[in-house]
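Topology and contacts: notes
The lines below spell out each chain.
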Amino acid sequence: MKKAALTLLTLVVHTFCQAQNFDVIPLGIYGGEQEDNLSAYLVGTPKGNAFICLDAGTVNAGIRKAIELKSLNGPEDIVLKDQIKGYFISHGHLDHLSGLIINSPADSKKDIFGIAPVLQILQNHYFITDTWINFADKGQQPILGKYHYNELHEETETPAKDTPFFLKAYELSHVNPYKSSAALVRYDDHYLLYLGDTGADRIEKSNQLDKLWESVAPLIKKGQLNTILIEVSFPNSQPEHLLFGHLTPNLLLEELQKLKDKTGQNSLKNLNIVVTHRKPTKDNPEIIKKELLKNNPLQINYIFPEQGKKINLP
C-alpha cells in the first residue's frame, strides 16, 4: 500500500514538474532565402492568446499558416493587431525583422523590445523615409508613434505590456564586434531562452555565450529553465572561416558542454533545444538534423520546428 502511494506521489510530482507553461508557434523557421518562412516565434501560455513575437522575419505568412494548422484562431488581422502584443528583435538583419517592417501599416500600437544597438538600427536605417516611414516613436520626422522602443537590459526585467511575461536581454556576438542578442522570457517562475544569431565563443574570440551560460545555469539546475531556442545554421561541413557568426551541430555541442560544466553532470538530460535558423539551401536542414541526433552525448531533446505548428513546452 505504501509502495503504491509512493509511486502515485512520484507520478504526481513528475506531472507537476512537467506541466506545460509555454506555447511556441513558429511563424518562420529558416535563416534566409525563403522570404515567407524566416525567423519569428510567437511565445504564449497554454490558456492565453497574448503573444510576444521573438524576432519577426516573417509575420503575416506565418500567421496564415498557423491559422491553417489551427495553432492560432483567426482572422489574420485580429492575430496581428490584438494577439501579438510586442516584438523582441534580436539584431538588425532583415531575415529577423522584415515581417515587422512590411506589416507595420496594418499593425496596432505596441512595443518593440531590444538592446540599445538594435533599436538604433531600426531607428536610423529602417523606420526612415528613404526605406519605409517612421512608424516608431523616436527618430526621423514625421513620427507616427505606432511602435514604442523599449530598451532591454541584462540586469533588469522588463514587463511585456498586456502579457504575463517579463524580459531580459543579453548581448551575443554575430561576427564580432557586431551585436546580436538573446531574450530570457519569464512567466511566473518558469523561463524560456531565445537566442538570435550567434557564433561560438571560440570562433568569435568572445565570451558572450559563456556569460549567458553563467547567468542561466542556476535556472537550469533549479528546473526553472527547460527550453532554449538556438540557431544551427550550417552542417558540420561548413568551414569555420565561412560561418559568418553562426553555429554548426559540432559548435552547438561545444557550447552545450560548457553549459553542462556550469550546471553539473546529467543536468542537460532532456533539456529542450528548439533548433532555429537552419539555412534552407539544398538539403542542409536535414543534414543538420541528422548530425545533431547522431552525436547527442548530453541526451538533449532536440525539437525541429515547422512553420505554423504549435510546440507545447514545460
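Residues numbered from 1 in each chain as written. Predicted model: local features only at pLDDT ≥ 70, side-chain atom pairs only at ≥ 80, totals over all residues. Heavy atoms only, no water.

**Here's the deal with the side chain of D201**
Counted only if it meets this: Only DSSP runs of H or I with at least four residues qualify as helices, and only runs of E with at least two residues qualify as strands; both kinds are numbered from the N terminus onward. For each residue, the accessible area found with a 1.4 Å probe, counting protein chains only, is set against the maximum for its type, and the residue is called buried under 20%, exposed over 50%, and partly exposed in between. Asp and Glu count as negative and Lys and Arg as positive, but His and the ends of the chain are not part of the count. We count a salt bridge whenever a side-chain nitrogen from Lys or Arg sits within 4 Å of a carboxyl oxygen from Asp or Glu. Any two residues whose heavy atoms approach within 4.5 Å are treated as being in contact.
Structurally, the position occupied by D201 is in helix 6 (residues 201-204). K258 provides the closest opposite charge to the buried, salt-bridge-free D201, at an N-O distance of 4.9 Å. Other than its neighbours up to four places away in sequence, D201 contacts S206, N207, Q208, L209, D210, E255 and K258.

**Concerning the confidence of the model for the chain**
Condition: On a scale of 0 to 100, pLDDT captures the predictor's confidence in every residue.
Residue-level pLDDT values for the chain average 93, and 94% of them are 70 or greater. Counting interchain partners and residues more than four positions distant, the pLDDT-below-50 stretch residues 1-17 has zero contacts.

**Section: the environment of D111**
Rules: Definition of a polar contact: a pair of N or O atoms within 3.5 Å, with one able to donate and the other able to accept a hydrogen when the atoms are protein atoms, and with sequence-neighbouring residues admitted only if both atoms are side-chain atoms.
Along the chain, the position of D111 falls in strand 5 (residues 110-114). Distance in space between the C-alpha atoms of D111 and T198 is 24 Å, their sequence separation being 87 residues. Beyond its immediate chain neighbours, meaning those up to four positions away, D111 contacts K85, G86, Y87, H148 and N150. At a separation of 3.0 Å, a polar atom in the side chain of D111 contacts the side chain of N150.

**Considerations on the pairing of strand 6 (residues 147-151)**
Selection rule: Any two strands with at least two DSSP-identified bridges between them are counted as paired. For a crossover, the right-handed case is the one in which the path from the first strand over the helix to the second runs clockwise, viewed with the strands pointing away from the viewer.
With five bridges connecting them, strand 5 and strand 6 associate as parallel partners. Pairing of I112 across the sheet is with Y149, part of strand 6. For the handedness criterion, the β-α-β arrangement of strand 5, helix 5 (residues 116-126) and strand 6 is classed as right-handed.

**Focus on the sheet that holds strand 12 (residues 272-276)**
Within a sheet, neighbouring strands are paired by backbone hydrogen bonds and run either parallel or antiparallel to one another. With mixed pairing, the seven strands of this open sheet are ordered in space as 7-8-9-10-11-12-13. Whereas interior strands pair on both sides, the edge strands pair on one side only; in this sheet they are strand 7 (158-159) and strand 13 (301-303). Bridging between strand 9 (residues 179-187) and strand 10 (residues 190-195) involves six bridges; their strand directions are antiparallel. Looking at the pairing, Y187 lines up with H190 of strand 10.

**Describing the packing of helix 7 (residues 208-221) against helix 8 (residues 249-263)**
Condition: The axes are straight lines fitted to the C-alpha atoms, using for helices just the contacting stretch, and the angles between their N-to-C directions are given from 0 to 180°. Throughout, the term roughly parallel applies to angles under 35 degrees, roughly antiparallel to angles over 145, roughly perpendicular to angles from 65 to 115, and oblique to all others. Crossings are classed by handedness, with left-handed meaning an anticlockwise turn of the near helix from the far one by less than a right angle and right-handed meaning a clockwise turn. Any residue that is not Ala, Val, Leu, Ile, Met, Phe, Trp, Tyr, Cys, Pro, Asp, Glu, Lys or Arg is counted as polar, Gly included; the first ten are nonpolar and the last four charged.
The contact between helix 7 and helix 8 brings their axes to 9 Å, and the two run at 50°. On the basis of the axis angle, helix 7 is oblique to helix 8. Read as a crossing pair, helix 7 and helix 8 show a hand that is right-handed. For the pair formed by helix 7 and helix 8, the contact residues are L209, D210, W213, E214, V216, A217, I220 and K221 on the first element and E255, K258, L259, K262 and T263 on the second. The class makeup of the residues in the contact of helix 7 with helix 8 is six nonpolar, one polar and six charged.

**Things to note about the nonpolar core**
Across soluble globular proteins, nonpolar side chains show a tendency to be buried alongside one another. For the record, the criterion: We define a nonpolar core as any set of buried Ala, Val, Leu, Ile, Met, Phe, Trp, Tyr and Cys residues linked to one another through side-chain atoms lying within 4.5 Å.
Counting 56 residues, the largest nonpolar core has L54, Y87, I89, I112, L122 and L192 as its most contacted members. If we ignore the near neighbours within four places in the chain, the residues touching L192 are F22, V24, V43, L54, A183, L184, V185, L225, T227, L229 and L313. Within the second largest apolar cluster, 36 residues are counted, among which are L184, L195, V232 and I300.

**What to know about the environment of Q141**
Inspection of the secondary structure assignment puts Q141 in the loop between helix 5 and strand 6. For Q141 and T129, which are twelve residues apart along the polypeptide, the C-alpha to C-alpha distance reads 8.4 Å.

**With respect to the sheet that holds strand 2 (residues 40-44)**
Across the sheet, which stays open at both edges, the seven strands sit in the order 6-5-4-3-2-1-14 with mixed pairing between neighbours. Looking at the sheet topology across the chains shown, the edges are occupied by strand 6 and strand 14 (311-313). The sheet shows a mean angle of 25° between the axes of neighbouring strands, direction not considered. Bridge analysis of strand 4 (residues 84-88) against strand 5 gives three bridges, and the strand direction is parallel. Counterpart to Y87 in the pairing with strand 5 is I112. Its contacts with the sheet place helix 3 (residues 76-83) against strand 3 (51-54), strand 4 and strand 5, and it is angled at close to 70° to strand 4.

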